[in-house]
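# Examination of the molecular architecture
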Amino acid sequence: MARTRKAAPRTSSGREALRKNAMMTHLLDALDAGQDIGHYGRLVFAMVARHFLEEEELRETLLQDPACDEHQALSLIEQVKARDYNPPRREKILQFQAQQEFPICPGGEDPDSCNVYKDLQFPESVYEHISEYREKKAHVHEDEQPGA
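This one's a predicted model, so the numbers in the text were calculated from it and none came from an experiment.

### Focus on the overall build of the protein chain
When helices and strands are tallied, the protein chain shows eight helices and zero strands. Going residue by residue from the N terminus, the α and β elements of the protein chain occur as α-α-α-α-α-α-α-α. Taken across its 148 residues, the protein chain has 39% of its residues classed as buried. A sequence separation of at least 24 residues applies to 64% of the contacts in the protein chain between residues at least 6 apart. By element, 50% of the accessible surface of the protein chain is carried by carbon and sulfur atoms, the whole surface being about 8,900 Å².

Okay, here's the thing in structure tokens:
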């Protein structure tokens, strides 16, 4: 008997945590329904979900997308881990969404929609990484000032 890729919706503490954000609920529901959420939808999902799901659960969830095979799922997970991507800001998600058909960000015009930092609690290392980035960026701008 052949196994189908579409699995019954699962529950885990990580999934429950992700469902505190409307965009992540939207992406989880679409994946659970076996929808193609697009390359950028999968990327956004992986960038956020890797902080809440075990790698195997993340892989299995990505495989619910009919356009994502085993190799693509593993490559995406490895890319996100290797580059240590932080969860994207709303503006970046909207840029990604503009490049594909599937709507990653439901609620479009609401400035709070798709803000994963508003609804989800990430590991402290994510916030430290963001602070370090902002500090480096500020120093670059200071160095660019005339007379600096």
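### Let's talk about the packing of aromatic side chains
One pass over the structure, following the stated rule, counts three aromatic pairs. Seen in terms of ring centroids, Phe 52 and Phe 122 are 5.4 Å apart; in terms of plane orientation they differ by 65°. Their pairing is edge-to-face. Within this pair, whereas Phe 52 is found in the loop between helix H3 (38-49) and helix H4 (55-62), its partner Phe 122 is found in the loop between helix H7 (116-119) and helix H8 (124-144), the two being separated by 70 residues in sequence. You'll find Phe 52 and Phe 122 in the same group, each marked buried. Note on Tyr 117 and Phe 122: the rings are 5.3 Å apart at their centroids and 50° apart in plane angle, and the pair reads as tilted. By relative accessible area, which is 23% here, Tyr 117 ends up partly exposed.

### A look at the packing of H4 against helix H5 (residues 70-82)
Here H4 crosses H5 at 130°, and the two axes come no closer than 9 Å. Comparing their axes, H5 and H4 come out oblique. Remark: the crossing between H4 and H5 carries right-handed chirality. Residues Glu 55, Leu 58, Arg 59 and Leu 62 of H4 pack against Glu 70, Ala 73, Leu 74, Leu 76, Ile 77 and Lys 81 of H5. Taken together, the residues that form the contact of H4 with H5 break down as six nonpolar, no polar and four charged.

### Re the state of the cysteines
Among covalent bonds in proteins, the disulfide is the one between the sulfur atoms of two cysteines. All told, the structure shown has one disulfide when counted by the stated rule. Covalently, Cys 105 is tied to Cys 114 through a disulfide, its sulfur atoms 2.0 Å apart. Disulfide Cys 105 to Cys 114: torsion about the S-S bond roughly 120°, handedness right-handed. Residues Cys 105 and Cys 114 agree in their burial class; the two are buried.

### Looking at the pattern of salt bridges
Applying the stated criterion to the full structure yields 13 salt bridges. With a closest N to O distance of 2.8 Å, Asp 29 and Arg 19 form a salt bridge. Remark: Arg 19 occurs in the loop between helix H1 (13-18) and helix H2 (22-32) and Asp 29 occurs in helix H2; sequence separation between them is ten residues. In this structure Arg 19 comes out as partly exposed when scored by relative accessible area, which is 33%. Three or more residues are tied together by salt bridges with common partners; here these are Arg 15, Arg 19, Asp 29, Asp 32 and Glu 57.

The rules behind these values
- Residues numbered from 1 in each chain as written.
- Predicted model: local features only at pLDDT ≥ 70, side-chain atom pairs only at ≥ 80, totals over all residues.
- Heavy atoms only, no water.
- Helix = DSSP H or I, 4+ residues; strand = E, 2+ residues; numbered from the N terminus.
- Buried < 20%, exposed > 50% of the residue type's maximum accessible area, 1.4 Å probe, protein only.
- Contact = heavy atoms within 4.5 Å.
- Areas by Shrake-Rupley, 256 points an atom, 1.4 Å probe, with all protein chains shown as cover.
- Phe/Tyr/Trp six-rings, centres within 6.5 Å; stacked < 30°, edge-to-face > 60°.
- Axes fitted to C-alpha atoms, helices over the stretch in contact; angles between N-to-C directions.
- Parallel < 35°, antiparallel > 145°, perpendicular 65-115°, else oblique.
- Left-handed = near helix turned anticlockwise from the far one by under 90°.
- Nonpolar A, V, L, I, M, F, W, Y, C, P; charged D, E, K, R; others polar.
- Disulfide = S-S within 2.5 Å.
- Salt bridge = Lys/Arg side-chain N within 4 Å of Asp/Glu carboxyl O.

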